[in-house]
Amino acid sequence: MNLSRFFTKKYLLYFVMFFGVALIVGISAYNGAGLGAIISELIAVLSVEILVVELYQSRKISEAQFLADLNQSFVSNEDYKKAYQLFENYDFETCPDLDLDNIHISNYLTFFEVFEMLIDRGTLSLELVNDLFGYRFFIAMHNPYVQNKKLVKSPENFRNLYILERDWMAYRRKHGLPIFHEEYALENVVDKEIYEKLSIY
């Protein structure tokens, strides 16, 4: 049995609740507390634990809504959709130029640059966005045309993306997940000194 899957945050929270109640009962009984005192203590403990559960569930609902809104803002943007289609169908054998204006590339990249700012502030996590946005991120970051026009040409303008790409690759490697055209990772195409300068906090 895979214990790491069984003991999710949800089940761990329930376990802590049960353990807390059992501990209160045990200590109270050991100290000779009456039934009324034990019940009062249990009510107090359960009230706090119920509040914790409600906050936990509320947070998960908020995260899901935030993710849904983030996804909607992406899929409803015509410029993002056009760029996404071109990136996804890119021919890595011939590495052609793309029919994309600089502003459209910049806008697509800026969408993900915000991720790094939110992650840095603890508002967002790679765990939350990886499944939905990981592929969308790397098909742009590891696209030779985008790199030549933006990321490698003017690296100092995209420091947040350098950091995000480094951290996101580390996350996917840690979890055994594939990385889209990893041979085009920035660490492989940018001067080593420049890369280290930009990708380190």
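Residues numbered from 1 in each chain as written. Predicted model: local features only at pLDDT ≥ 70, side-chain atom pairs only at ≥ 80, totals over all residues. Heavy atoms only, no water.

1. Focus: the packing of aromatic side chains
Tallying each qualifying case throughout the model produces 27 aromatic pairs. Ring centres of Phe111 and Phe133 lie 5.8 Å apart, and the angle between their planes is 45°; this geometry places the pair in the tilted category. Here the residue Phe111 occupies a position in helix H5 (residues 102-120), and Phe133 occupies one in helix H6 (residues 126-141), the gap between them amounting to 22 residues. On the basis of relative accessibility, which here comes to 0%, the residue Phe133 falls in the buried class. Their ring planes at 90° and their centres at 5.4 Å tell us that Phe115 and Phe133 sit as a pair that is edge-to-face. Of the two residues, Phe115 is situated in helix H5 and Phe133 in helix H6; the sequence distance between them amounts to 18 residues. (Phe/Tyr/Trp six-rings, centres within 6.5 Å; stacked < 30°, edge-to-face > 60°. Helix = DSSP H or I, 4+ residues; strand = E, 2+ residues; numbered from the N terminus. Buried < 20%, exposed > 50% of the residue type's maximum accessible area, 1.4 Å probe, protein only.)

2. Here's the deal with H5
Its 19 residues give H5 an end-to-end C-alpha distance of 27 Å, which sits within 8% of 27 Å, the value for a rise of 1.5 Å per residue. Within H5, the full set of buried residues consists of His104, Ile105, Ser106, Tyr108, Leu109, Phe111, Phe112, Glu113, Phe115 and Glu116. Remark: Gly122 follows H5 within two positions and exhibits a positive phi of approximately 80°. (Expected span 1.5 Å × (residues − 1).)

3. Considerations on unusual backbone geometry
At Cys95, a position not held by glycine, the phi torsion is positive, near 50°. The residue Cys95 is located in the loop between helix H4 (78-88) and H5 in this model. Phi at His181 is positive, roughly 40°, even though this residue is not glycine. Tracing the backbone through its elements, the reader meets His181 in the loop between helix H8 (159-174) and helix H9 (186-189). For His181, a relative accessible area of 26% gives the class partly exposed.

4. Overview of the pattern of salt bridges
A pair can form between side chains of opposite charge whenever their charged atoms are brought close. The tally for this structure, following the rule as stated, stands at 4 salt bridges. For Glu182, the salt bridge goes to Arg173, with nearest N and O atoms at 2.6 Å. Owing to a relative accessible area of 31%, Glu182 belongs among the partly exposed residues under this scheme. Its relative accessible area of 42% is what places Arg173 among the partly exposed residues. It is possible to trace a salt-bridge network through shared partners that takes in Arg173, Glu182 and Glu187. (Salt bridge = Lys/Arg side-chain N within 4 Å of Asp/Glu carboxyl O.)

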